[in-house]
Amino acid sequence: MSTEYVARKPDANGFIAYPEQENEIWAELYARQAVNLPGRACKEYLDGLERLALPTDRIPQLAEVDKVLLECTGWKTAAVPALISFERFFQLLANRQFPVATFIRSREEFDYLQEPDIFHEIFGHCPLLTNQAFANFSHAYGKLGLAASKEERVFLARLYWFTVEFGLLKSPDGERRIYGGGILSSPGETLYAFGDTPLRKPFDLLDVLRTPYRIDIMQPVYFEIESIDFLDEIARMDIMQFVTKARAMGLHAPLFERKAKAV
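The structure presented is a predicted model; accordingly, all values stated were derived computationally and were not measured. (Residues numbered from 1 in each chain as written. Predicted model: local features only at pLDDT ≥ 70, side-chain atom pairs only at ≥ 80, totals over all residues. Heavy atoms only, no water.)

Asker: What exactly am I supposed to notice about the environment of D66 here?
Answerer: Mapped onto the elements, D66 comes out in helix α3 (residues 62-72). In this structure D66 comes out as buried when scored by relative accessible area, which is 12%. It is 31 Å that separates the C-alpha atoms of D66 and F203, two residues lying 137 residues apart in sequence. (Helix = DSSP H or I, 4+ residues; strand = E, 2+ residues; numbered from the N terminus. Buried < 20%, exposed > 50% of the residue type's maximum accessible area, 1.4 Å probe, protein only.)

Now the structure itself:
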């Protein structure tokens, strides 16, 4: 996948001077999504958002985010170009660094863009990196991916997609909440995930690894865990043994038309 976006480079002090029109896009994205999240985002995410105290009127500097993450879980961000390799992605996670592409979407792609921008990464993901279970899972995932083969990484990508990107929580009392950053940073998908259209299934590792997805549509299926702490339990599973099983069994039939590349 190619991109026309170019990440902004920091100066010698690590400061990135974003143009005013880009700060305005951040402010509008933040204001729009802040209305959607109460009653839908999980408590751990909202707690993390409060801890980060992100500016609402401008794109945050990574040093501001790092200060809080380091105090909470020992993580920090890493400025990256618009797109990075699987290898680099896993390397960063294995070193407790979360990749953040230092560009923000254009007005033409205000509602949706395929590559992750700084709003998706900072607003969607970083609040939960203040949570130890989420941080532990992300670290374990990075180490697994670093050691995996190219073929195995394709299956591991599905685990990340259906948890960190598009995961839902459903507590034993039936309360449903969002923890996936791909949903939390998307107003449309935030509302859609609670509607009648998508299929929602209890998390099953083998099922997740065998489920194809497309990056350019609303997700037809979500997987639900009971609590954020369950991510610690997933990290303790023999994930690579399940990857081997999934490769032998093959993928489920997709719940979407194959108009774009599925993985």
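Asker: Any chance you could explain the packing of helix α4 (residues 86-94) against helix α6 (residues 132-147) here in plain terms?
Answerer: When two helices pack together, their arrangement is given by the angle between the helix axes and by the axis-to-axis distance. Relative to each other, α4 and α6 sit at 135°, their axes nearing to 7 Å. Viewed along their axes, α4 and α6 adopt a mutual orientation that is oblique. Here α4 and α6 pass one another in a crossing that is left-handed. Mapping the contact onto sequence places E87, F89, F90, Q91, L93 and A94 in α4 and S138, H139, Y141, G142, K143, G145 and L146 in α6. The residue inventory of the contact of α4 with α6, partitioned by class, reads six nonpolar, five polar and two charged. (Axes fitted to C-alpha atoms, helices over the stretch in contact; angles between N-to-C directions. Parallel < 35°, antiparallel > 145°, perpendicular 65-115°, else oblique. Left-handed = near helix turned anticlockwise from the far one by under 90°. Contact = heavy atoms within 4.5 Å. Nonpolar A, V, L, I, M, F, W, Y, C, P; charged D, E, K, R; others polar.)

Asker: Looking at this structure, I do not really get the packing of aromatic side chains. What am I missing?
Answerer: Each pair of aromatic rings is reported with the distance of its centres and the angle of its planes. Evaluation of the coordinates by the stated rule reveals 18 aromatic pairs. Sitting over the face of the ring of F155, R158 holds its NZ or CZ atom 4.6 Å from the ring centroid. Stacked on the ring of F242, the Lys or Arg K245 has its end atom at 5.2 Å from the ring centre. (Phe/Tyr/Trp six-rings, centres within 6.5 Å; stacked < 30°, edge-to-face > 60°. Lys NZ or Arg CZ within 6 Å of the ring centre and 35° of its normal.)

Asker: When you look at the pairing of strand β1 (residues 76-80) in this model, what are you seeing that I'm missing?
Answerer: Look at any regular strand and the pattern is simple: side chains alternate between the two faces of the sheet. Bridge analysis of β1 against strand β2 (residues 97-101) gives five bridges, and the strand direction is parallel. Directly across from A79, in β2, lies its bridge partner V100. Crossover handedness for the path β1 to α4 to β2: right-handed. (Pairing = 2+ DSSP bridges. Right-handed = clockwise from strand over helix to strand, strands pointing away.)

Asker: Sorry, what's going on with the pattern of salt bridges here?
Answerer: Where charged atoms from two side chains of opposite charge come close, those side chains can pair. For the structure shown, the criterion picks out 12 salt bridges. A salt bridge links R107 to E28; the shortest N-O distance between them is 2.7 Å. With R107 in the loop between β2 and α5 (118-125) and E28 in helix α1 (residues 20-36), the pair connects residues that are 79 residues apart, well separated along the chain. (Salt bridge = Lys/Arg side-chain N within 4 Å of Asp/Glu carboxyl O.)

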